[in-house]
Each structure stands twice: as structure tokens, then as C-alpha cells.
Amino acid sequence: MSQASTRVNAPMLSQHHVALHLAHRWFAFLEAPEGDLDTHLQMFHPQVLLSGSRGIHLFAHDHESLKAWFAAVPDEMSSHHIVHSTYLTANDDSGEGLLNMVVAYQARDDSGVHGSIISYQTRIEFTADGARFITLDKTPILPNTKIEYETSWSTNRVLALVHATLSGITESGGKLQAALGDDVHQVFVHATAPEASSVYEALVTCSSGNPTATQVVLLKLMDDGKATMPTIEQIEVLTLK
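Below: a short report on this structure. (Residues numbered from 1 in each chain as written. Predicted model: local features only at pLDDT ≥ 70, side-chain atom pairs only at ≥ 80, totals over all residues. Heavy atoms only, no water.)

What follows is about the overall build of the protein. Along its length, the protein carries five helices and 11 strands. Radius of gyration (C-alpha) of the protein: 17 Å, near the 18 Å computed for a compact globule of 241 residues. If you line up the protein on its principal axes, its C-alpha atoms span 50 × 50 × 30 Å. In the protein, which comprises 241 residues, the share counted as buried stands at 47%. Sequence-distant contacts in the protein: of pairs separated by 6 or more residues, those separated by 24 or more amount to 58%. On the protein, roughly 11800 Å² of surface is accessible, and the fraction owed to carbon and sulfur atoms is 52%. Computed over 14 positive and 27 negative side-chain charges, the inter-centroid distance for the protein is 4 Å. (Helix = DSSP H or I, 4+ residues; strand = E, 2+ residues; numbered from the N terminus. Rg over C-alpha atoms; globule rule 2.2 N^0.38 Å. Buried < 20%, exposed > 50% of the residue type's maximum accessible area, 1.4 Å probe, protein only. Contact = heavy atoms within 4.5 Å. Areas by Shrake-Rupley, 256 points an atom, 1.4 Å probe, with all protein chains shown as cover. Lys, Arg positive; Asp, Glu negative; His and termini not counted. Charge placed at Lys NZ, Arg CZ, Asp CG, Glu CD.)

Direction vectors running N to C along helix H1 (residues 14-31) and helix H4 (residues 153-167) enclose 155°, while the axes themselves pass 8 Å from each other. Considering their axes alone, H1 and H4 lie roughly antiparallel with respect to each other. Here the hand of the crossing between H1 and H4 comes out left-handed. Residues Ser-14, His-17, Val-18, Leu-20, His-21, His-24, Arg-25, Phe-27, Ala-28 and Glu-31 of H1 pack against Trp-153, Asn-156, Arg-157, Leu-159, Ala-160, His-163, Ala-164, Leu-166 and Ser-167 of H4. Each residue belonging to the contact of H1 with H4 can be placed in one class, and the counts come to nine nonpolar, seven polar and three charged. (Axes fitted to C-alpha atoms, helices over the stretch in contact; angles between N-to-C directions. Parallel < 35°, antiparallel > 145°, perpendicular 65-115°, else oblique. Left-handed = near helix turned anticlockwise from the far one by under 90°. Nonpolar A, V, L, I, M, F, W, Y, C, P; charged D, E, K, R; others polar.)

Once that is clear, we can look at the pairing of strand E3 (residues 57-60). Relative to E3, strand E2 (residues 44-52) runs antiparallel, the two sharing three bridges. Bridge pairing in E3 links Leu-50 to Ala-60. In this structure, the hairpin formed by E2 and E3 is closed by a connection of four residues, where Ser-53 is found at a positive phi of approximately 55°. (Pairing = 2+ DSSP bridges.)

Helix length check: H4, at 15 residues, gives a terminal C-alpha distance of 21 Å against a target of 21 Å (1.5 Å per residue), a fit within 8%. Counting buried residues in H4 gives 15 out of 15 residues, a clear majority hidden from the surface. Backbone geometry just downstream of H4 places Gly-168 in the positive-phi region, at approximately 95°. (Expected span 1.5 Å × (residues − 1).)

Let us now look at the environment of Ser-154. Take Ser-154: it is sitting in helix H4. Judged by its relative accessible area of 0%, Ser-154 falls in the buried class.

For H1, built from 18 residues, the straight-helix expectation of 26 Å at 1.5 Å per residue is met to within 8% by its first-to-last C-alpha distance of 26 Å. Burial runs high along H1: 16 of the 18 residues are buried.

This paragraph deals with the pattern of salt bridges. Per the stated rule, a full pass over the model turns up eight salt bridges. For Arg-132, the salt bridge identified is with Glu-125, shortest N-O distance 2.7 Å. A relative accessible area of 25% places Arg-132 in the partly exposed class. For Glu-125, a relative accessible area of 17% puts it in the buried group. One network of salt bridges, in which partners are shared, links Asp-92, Glu-96 and Arg-123. (Salt bridge = Lys/Arg side-chain N within 4 Å of Asp/Glu carboxyl O.)

Applying the stated rule across the entire model yields 11 aromatic pairs. In textbook terms, an aromatic cluster arises when at least three aromatic residues are bridged by ring pairs, as seen for Trp-26, Phe-27, Phe-29, Phe-44, Trp-69, Phe-70, Tyr-120 and Phe-133. (Phe/Tyr/Trp six-rings, centres within 6.5 Å; stacked < 30°, edge-to-face > 60°.)

Another point: the side chain of Ser-152. Relative to the assigned elements, Ser-152 resides in the loop between strand E7 (130-143) and H4. With near-sequence residues (within four places) excluded, Ser-152 lies in contact with Glu-31, Ser-79, His-80 and His-81.

Time to look at the sheet that holds E7. Each strand in a sheet pairs with its neighbour through backbone hydrogen bonds, running either in the same direction (parallel) or in the opposite one (antiparallel). Taken in spatial order, the six strands make up an open sheet running E3-E2-E7-E6-E5-E4, and their pairing is mixed. The open sheet has two free edges, formed respectively by E3 and strand E4 (77-89), since each of these has just one partner strand. Neighbour-to-neighbour, the strand axes of this sheet turn through a mean angle of 20°, independent of strand direction. Contacts from H1 reach E2, E4, strand E5 (97-109), strand E6 (112-127) and E7 within the one sheet, and its direction differs from that of E4 by about 165°. In the packing of helix H3 (residues 63-72) onto the sheet, the strands contacted are E2, E3 and E7, and the crossing angle to E2 comes to about 50°.

Structure (C-alpha cells):
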């Protein structure tokens with residue numbers, strides 16, 4: 001399960017939703033082979049800087065070098081669970097956003113499961129044509145010693161859709177926004193479908209409104225992997241007892 005969190009009872013900013021939409025798309029792309037690279041590159045500034053270890057290692061400085069980095073990413077199955085995130089608007093009058101995350105990373109190959117806890121620091125530009133990453137730094141801070149592999153592809157795909165809906169990037173027919181309510185504080189998604197599944201379900205819960213109430217929605221989705229987000233086939237609002 002992944003969480004996008006902010007201060008308790010403080011509605012998430014629209015730009016925070018946009019930033020998390022980008023983050024979940026970024027991770028899902030790394031976890032399955034079906035994504036369209038040219039479409040994916042639109043999430044990054046033409047002179048994007050991708051670095052590691054707090055800027056010590058430079059992996060990419062433009063789209064061409066970012067393509068080379070993607071090509072060099074190992075084919076082993078991997079997962080990325082955002083376990084904590086914070087969002088701030090930059091205080092330099094640029095209007096850009098700063099999304100920092102702690103991510104539990106795992107990879108699985110013939111030798112077993114290995115992973116790390118990674119600190120991500122990103123800067124995001126917002127323009128009339130959409131939002132995109134300007135800089136990203138990924139710095140491992142701890143080993144991830146969990147033995148069992150926990151898939152995250154479907155969770156990240158659904159969270160990309162949910163945050164796009166809550167930010168207004170896509171309306172999903174308006175039904176999902178209405179089901180989740182206004183002034184969303186927190187969002188959780190539980191989905192366990194294997195990587196590149198074409199049909200799956202996801203349980204979405206969120207805290208919204210004032211006073212705060214919990215909303216629970218079951219989604220049935222179709223996904224070809226090449227589109228930026230899955231397609232909702234059915235929405236069922238569940239009632240808590």
C-alpha cells in the first residue's frame with residue numbers, strides 16, 4: 001500500500017496532486033516494459049538533471065542522456081512504494097514545486113530479492129502545457145531488508161490516475177472526483193495486480209471534507225500499459241459500517 005500524505009486536516013494543494021501524479025507515473029514506467037518512452041519523456045524538462053547521491057553522480061542532463069539512462073536500467077522486476085512525501089512551493093518566486101519522497105525500492109531476479117530505502121528530491125515546473133520534472137536526485141539511505149517482494153506497478157498506475165483526477169488533469173467522467181469528495185487530505189490505494197496486467201481492481205480510500213470523513217471506492221480498470229493512465233471501467237462506492 002502506498003500513501004500520499006500531507007498535514008492532517010489540511011487539504012492537499014492541486015500542485016501537490018500534480019507532483020504525485022508525475023511521481024507515480026515515473027515509478028510505474030520503470031516497473032513494466034509496455035510504456036511509451038516518447039510520451040514518458042514529456043514529463044521531463046528538455047534539460048532535466050537526473051542525479052544520485054545528493055548530486056555527486058550525474059545520470060542525465062537532457063532527453064538524449066535520459067533515454068540512455070532508461071536503456072541501461074536493468075530488466076529485473078522492481079517495485080517502488082512511496083512511504084512518505086512532502087510538498088512545498090519554492091520560495092524563490094519561480095512558482096515551482098519541491099516534492100521530496102522516501103521510497104521503498106525492491107528488485108527481484110534469479111538470486112532473490114534485494115532493495116533499498118531511497119530519498120528522492122525533485123523540482124517540478126508548472127506551465128500552461130503541463131507539469132514536468134526539472135531536477136531529480138535519488139539517494140539510497142538504508143538497505144531494504146524485507147525478504148518478500150511486494151509489487152507496486154498497479155498501485156502506482158492507479159495513484160497516477162487518482163491524483164490526476166484530484167488535480168483536474170483528467171476528470172474520469174467526474175464520477176471518481178464525486179466519490180472521493182472535496183478537500184482531500186490523504187489518499188491510499190491497495191492494488192496487487194502483477195506488472196503489465198490488462199484488467200485489475202483497486203481499493204481507494206481517502207480522507208476528505210470538513211469535518212473529515214473517510215471515503216472508500218472500489219475501481220475496476222483496464223490497462224494497456226502504453227497510455228499514461230489506466231481506464232476506469234466501473235466505480236463502486238463502498239459504505240463503512
